[in-house]
Amino acid sequence: MALPRFSLSAELAVGTAVVGAAFATGVFLGRGGSWWLPASRQEQRRRLLPSEDDPLWQYLLSRSMREHPALRSLRKLTLEQPQGDSMMTCEQAQLLANLARLIKAQKALDIGSFTGYTALSLALALPATGQVVACERDAAPTELGRRFWREAGEEQKIDLRLRPALQTLACTPVGVGTMDRSSTISLADKTGSLLPRQPGQKASVSQVDELLAGGAAGTFDVAVIDADKENCSTYYERCLKLVRSGGIIAISKVLWNGEVLNKSQKGAAECVRDLNERILRDSRVHISLLPLGDGLTLAFKI
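Per chain, the residues get numbers from 1 upward, laid out in the order the sequence is written. A pLDDT threshold of at least 70 governs which residues receive local features in this predicted model, and a stricter bar of 80 or more applies before side-chain atom pairs are shown or counted, although totals over entire chains, interfaces and linings include all residues. To obtain the side-chain values, all non-hydrogen atoms of the structure were included, while hydrogens and water were left out.

Remarks on the packing of aromatic side chains
Stacked, tilted and edge-to-face are the three classes applied to pairs of Phe, Tyr and Trp rings, where Trp contributes its six-membered ring and a pair requires centres within 6.5 Å; stacked means planes under 30 degrees apart, edge-to-face means over 60, and tilted covers the rest. Counted under the stated rule, the structure contains zero aromatic pairs. The residue whose ring lies beneath lysine 107 is phenylalanine 220, and the NZ or CZ to ring-centre distance is 5.0 Å. Here, a charge over a ring is recorded when the distance from Lys NZ or Arg CZ to the ring centre is within 6 Å and its angle to the ring normal is within 35 degrees.

Points about the packing of helix H4 (residues 69–79) against helix H6 (residues 117–125)
Packed helices, taken two at a time, are described by the angle their axes make and the gap between the axes. Convention adopted: a line fitted to C-alpha atoms gives each axis, helices being fitted over their contacting stretch, and angles between N-to-C directions are expressed from 0 to 180 degrees. Helix and strand definitions follow DSSP, with helices as H or I runs of at least four residues and strands as E runs of at least two, each counted in order from the N terminus. Direction vectors running N to C along H4 and H6 enclose 170°, while the axes themselves pass 10 Å from each other. Considered as vectors, H4 and H6 are oriented roughly antiparallel to each other. Across the interface between the two elements, Ala70, Leu71, Leu74 and Arg75 of H4 pack against Tyr117, Leu120, Ser121 and Leu124 of H6. Classifying every residue of the contact of H4 with H6 by side-chain character gives six nonpolar, one polar and one charged. What sets the label is the angle itself: under 35 degrees gives roughly parallel, over 145 gives roughly antiparallel, 65 to 115 gives roughly perpendicular, and the rest give oblique. Residue contacts follow a heavy-atom distance rule, with two residues in contact if any of their heavy atoms lie within 4.5 Å. Three classes are used: nonpolar for Ala, Val, Leu, Ile, Met, Phe, Trp, Tyr, Cys and Pro, charged for Asp, Glu, Lys and Arg, and polar for all others, with Gly counted as polar.

Side note on the nonpolar core
Core analysis: the biggest nonpolar cluster contains 44 residues, and Tyr117, Val132, Val222, Val224 and Leu298 have the highest contact counts within it. In terms of residue count, helix H5 (residues 90–102) provides more of this core than any other element does, six residues in total. Residues enter a nonpolar core if they are buried and are Ala, Val, Leu, Ile, Met, Phe, Trp, Tyr or Cys, with the set joined through side-chain atoms within 4.5 Å. Only protein chains enter the accessibility calculation, which uses a 1.4 Å probe; a residue whose area is less than 20% of its type maximum is buried, one above 50% is exposed, and one in between is partly exposed. Residues Val208, Ala216, Phe220 and Ile279 belong to the second largest nonpolar core, which totals 28 residues.

Section: the sheet that holds strand S4 (residues 220–225)
Pairing is mixed in the open sheet, where seven strands are placed in the order S3-S2-S1-S4-S5-S7-S6. On the outer flanks of this sheet lie strand S3 (158–161) and strand S6 (285–290), each paired with one strand and no other. Going from strand to strand, the sheet's axes swing by 15° on average, the running direction of each strand aside. Lying on the sheet, H6 is in contact with strand S1 (107–111), strand S2 (131–135), S3 and S4; it crosses S2 at an angle near 175°. Sheet strands touched by helix H10 (residues 232–242): S1, S4, strand S5 (243–252), S6 and strand S7 (296–301). Its angle to S5, the strand with the most contacts, is close to 155°. At least two bridges found by DSSP between two strands is the condition for calling them paired.

A closer look at unusual backbone geometry
Peptide bonds are, in most cases, trans, and in most cases residues other than glycine have a negative phi. Of note in this structure, lysine 253 is not a glycine but carries a positive phi near 60°. By the element assignment, lysine 253 lies in the loop between S5 and helix H11 (268–280). Despite not being glycine, asparagine 257 has its phi angle at roughly 55°, a positive value. Secondary-structure assignment places asparagine 257 in the loop between S5 and H11.

In short, the description is geometric, and any link to function would need to be established separately.
Dropping the structure here:
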């Protein structure tokens, strides 16, 4: 069945062009280079495209990345942690920040914040009155990142919700500067390392439902989904309610290290594969799936 045609705003049309350029770059050059990913972890990833140490890709990053010093420091520290390479890549985060600027975003949602690298990147792109609602289950990684939010002068923009994500997405009115400090006991050791993180242990759907119950539907400009894949379709549907028309939903790791091609794979791989099929057929959004990192889907709400 053919999907209906929709008109695009000027901002969304420009945004689509930006994404197209990012897609072309990714196809030609592949994922971010080895200058930021430890060699031992590079080998664990399935290479979709050319080698990560491609000199031209390194040149591209060196001539395009404008990473705030605090953001760079947080990225490097995060990569030293257990499962630290599950964070969004620097080129992905910068693309989202630029898209947030393009649509003049005021409010963003980050589901599965971990140390808050993506939340900080978005906060830096928002105006002084902007807000990032950051959903994370574990206090430890956010405690590691908080000092970098402060160093960048953006801590007041980040509204941290330390509860299961679907709960936050349903109940509490959203306000700037209402950071949840109920779990501020640091779980990091004296070297700044975190205790091992359990697989899939990120934000959950309950935080999302808090926002909906609090009347936040249609008030967000950008939403980033980087949480447990078992709930990824539920996060997506909730975000479609929370994001305004013309807003952007970004979903990371949609290639799941190539396991989306293996139909015998169940669990997270099956959930990601099902979400990709759902979004492809969703007439409520325009989409681009970019070969950056482990795959990044951008859904532009119509």
